[in-house]
Amino acid sequence: MKKVLVLSSSLNGEQGNSTKLSQQFVEQLANNQQISVTTRDLSDNAIAHLTQTEMAAWMTDANERSDEQKALAAISDDLIAELNDNELIVIGMPMYNFGIPSTFKAWIDRIARAGITFKYTEQGPVGLIADKKVVVLAARGGLYQGTDMDTQTKYLKDVLGFVGMTDVDFIYAEGLAMPGAEQSLEAAQNEIKTFAAAL
């Protein structure tokens, strides 16, 4: 059975296009194989922005942490454990002001931890999260794929690769605030069917 972690970050919740696309992807996947799905809605259950106090808790020996530090360290520890427990990561990714949602950045800040999910060596940083497949369902109001204004794709490949998740694919639904949005969604849905069937 394939274990799947679905990460959503649309402000529109289940009505968000990126959420709908990720749900469709999981449904198509379930048609082809047995899966176990864990869903984390980062907008509905928002993680606070990272603070120095929380980071200091990570750097304090576990046996020496105060109760507050234990609770703060558990936020990151639990998210990393959840990530490690799943082999396929499905990310519903809306574009807000040419970037990723701040709630998703807060998730990144918790799962990117030196000595835990990456380490520095003489040859440079090495990611420690292994054997993950990542599929990003990217929903955009405009047309950005392949242009300098698509800041999401490179950032996500870079930051996910930094912690070891280098097997990353994107399915785009663009122009959703423009004429022809229905055709764009249909094209993305067809790509989802093909892609999910091949996994």
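Here the structure is shown first, and the text comes after it.
Residues numbered from 1 in each chain as written. Predicted model: local features only at pLDDT ≥ 70, side-chain atom pairs only at ≥ 80, totals over all residues. Heavy atoms only, no water.

Enquirer: Just checking my understanding: could you explain the overall build of the chain for this structure?
Expert: A tally of regular secondary structure across the chain gives six helices and seven strands. Sequence-ordered secondary structure for the chain, helices as α and strands as β, is β-α-β-α-α-β-α-β-β-β-α-β-α. Its C-alpha atoms give the chain a radius of gyration of 18 Å, near enough to 16 Å, the size a compact globule of 199 residues would have. Here the chain, with 199 residues, has 45% of them falling under the buried criterion. When the accessible surface of the chain is split by element, carbon and sulfur atoms take 48% of a total near 10300 Å². Separation between the mean location of the 16 positive side-chain charges and that of the 26 negative ones in the chain comes to 2 Å. (Helix = DSSP H or I, 4+ residues; strand = E, 2+ residues; numbered from the N terminus. Rg over C-alpha atoms; globule rule 2.2 N^0.38 Å. Buried < 20%, exposed > 50% of the residue type's maximum accessible area, 1.4 Å probe, protein only. Areas by Shrake-Rupley, 256 points an atom, 1.4 Å probe, with all protein chains shown as cover. Lys, Arg positive; Asp, Glu negative; His and termini not counted. Charge placed at Lys NZ, Arg CZ, Asp CG, Glu CD.)

Enquirer: Can you walk me through the packing of helix α2 (residues 52-59) against helix α3 (residues 67-84) in this structure?
Expert: In helix packing, the relevant descriptors are the interaxial angle and the interaxial distance, both defined with respect to the helix axes. Contact pair α2 / α3: the axes reach a minimum separation of 8 Å and the direction vectors enclose 90 degrees. When the axes of α2 and α3 are compared, the pair comes out roughly perpendicular. Residues T53, E54, A56, A57 and W58 of α2 touch α3, and the partners they reach there are E68, Q69, L72, A73, I75 and S76. Class assignment for the residues of the contact of α2 with α3 results in six nonpolar, three polar and two charged. (Axes fitted to C-alpha atoms, helices over the stretch in contact; angles between N-to-C directions. Parallel < 35°, antiparallel > 145°, perpendicular 65-115°, else oblique. Contact = heavy atoms within 4.5 Å. Nonpolar A, V, L, I, M, F, W, Y, C, P; charged D, E, K, R; others polar.)

Enquirer: Explain α3 to me, please; I cannot follow it from the model alone.
Expert: Quick reminder: α-helices carry 3.6 residues per turn. Residues three or four places apart thus point the same way. Spanning 18 residues, α3 covers 25 Å between terminal C-alpha atoms, matching the ideal 26 Å at 1.5 Å per step. In the structure, α3 departs most strongly from a straight axis at A74, where the bend amounts to approximately 30 degrees. For α3, every residue scored as buried is listed here: Q69, L72, A73, S76, L79, I80, E82 and L83. Each element contacted by the buried residues of α3 is listed here: β1 (2-8), β2 (35-41), α2, β3 (88-94) and α4 (102-111). (Expected span 1.5 Å × (residues − 1). Bend = angle between axes of the 7 residues up to and from the residue.)

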